[in-house]
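Structural features, examined
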Amino acid sequence: MKQFLNAIGLLFLLSCNKSYLSFKKDGFHGTFYKSFDKLKQQHGSVADFYNFKPHEKVASIGAQTCVGEAIYASFCDSVEFYLEDIDTTYFNAPQAAYVWNYYGNLSGKPLTSTYKLITGTPDATLLPKGYFDKCLIINSFHEFTQPQAMLKDIYSKLKPGGLLYIDELVPDKPGKKHGNCNMPLYMAREMDEILSTAGFKPMEGYIVTWKKGIAKRKIYNYQKV
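Small disclaimer: the values here were computed from a predicted structure and weren't measured. (Residues numbered from 1 in each chain as written. Predicted model: local features only at pLDDT ≥ 70, side-chain atom pairs only at ≥ 80, totals over all residues. Heavy atoms only, no water.)

Scanning the chain for helices and strands turns up 6 helices and 9 strands. Scored against the burial criterion, the 225 residues of the chain give a buried share of 52%. Restricting to contacts in the chain with at least 6 residues of sequence separation, those with at least 24 account for 72%. Entry remark: accessible area of the chain is about 10,000 Å², with carbon and sulfur atoms responsible for 53%. (Helix = DSSP H or I, 4+ residues; strand = E, 2+ residues; numbered from the N terminus. Buried < 20%, exposed > 50% of the residue type's maximum accessible area, 1.4 Å probe, protein only. Contact = heavy atoms within 4.5 Å. Areas by Shrake-Rupley, 256 points an atom, 1.4 Å probe, with all protein chains shown as cover.)

This paragraph deals with the environment of Leu163. Structurally, Leu163 is set in strand E7 (residues 158-169). Leu163 gets classed as buried once you look at its relative accessible area, which sits at 17%. Once residues lying within four places of it in the same chain are set aside, the contact partners of Leu163 are Asp133, Lys134, Cys135, Leu158, Asn221, Tyr222 and Gln223.

All right, on to the packing of aromatic side chains then. All chains considered together, the criterion is met by 24 aromatic pairs. On the basis of an interplanar angle of 80° and a centroid distance of 5.2 Å, the ring pair of Tyr82 and Phe132 is categorised as edge-to-face. Here Tyr82, found in strand E4 (residues 80-85), pairs with Phe132, found in strand E6 (residues 132-138); they are 50 residues apart in sequence, far enough to count as distant. Among the residues examined, Tyr82 registers a relative accessible area of 8% and is labelled buried. The class for Phe132 is buried, based on a relative accessible area of 1%. Between Tyr220 and Tyr222, the ring centres sit 6.4 Å apart and the planes meet at 10°, which makes this aromatic pair stacked. Judged on exposure class, the residue Tyr220 and its partner Tyr222 are both buried. In textbook terms, an aromatic cluster arises when at least three aromatic residues are bridged by ring pairs, as seen for Phe49, Tyr50, Phe52, Tyr72, Phe81, Trp100, Tyr115, Tyr165 and Tyr206. Positioned above the aromatic ring of Tyr20, the side-chain terminus of Lys38 is 4.4 Å from the ring centre. One Lys or Arg, Lys224, reaches over the ring of Tyr155 and ends 4.7 Å from the middle of that ring. (Phe/Tyr/Trp six-rings, centres within 6.5 Å; stacked < 30°, edge-to-face > 60°. Lys NZ or Arg CZ within 6 Å of the ring centre and 35° of its normal.)

Okay, structure coming up:
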């Protein structure tokens, strides 16, 4: 689903000093921070927003290199992650095991959160129904070829009142395309219309600002109703 860079690496490529991270280690792909302090500085506030709680069931759609999920697992305990993607180029068991171990070592203790890998299809996640407290879509929603079919599927996978978080780049004008995949990005109004049609209620999101306070990325938050 994604190219070489995982979602987290892509979103921060332009804003990070490469001296404290790398994008490939031991033949594995993703974003690899060199210190937990720097990781916390870059991702701690987003982890706080997600507010993962022990024993929650969390699905991540478009997980690809699994690095983003391993990063968030380093900030929480005993969460059950299901990682899903349709592109198995980097989405595989050795990649997931490596990054889970890497971020456990970086945090100073083994990660207590578990994960399962699920290979889906363009219109279905193939995840268990009615099982998840939260679902993440990190830098992948704009790549969905069948967004309404996928949202219908995701709706069925969430528990009543479950939360859907969609982390996307914010275009400054209609029709602007993603710099990595060249797919069109959604304006905020379009996102709300699409999710409302799928049965989701908008909740308070989280704006991620970069240099000079410019909003470049938003984590949209929707609730299953």
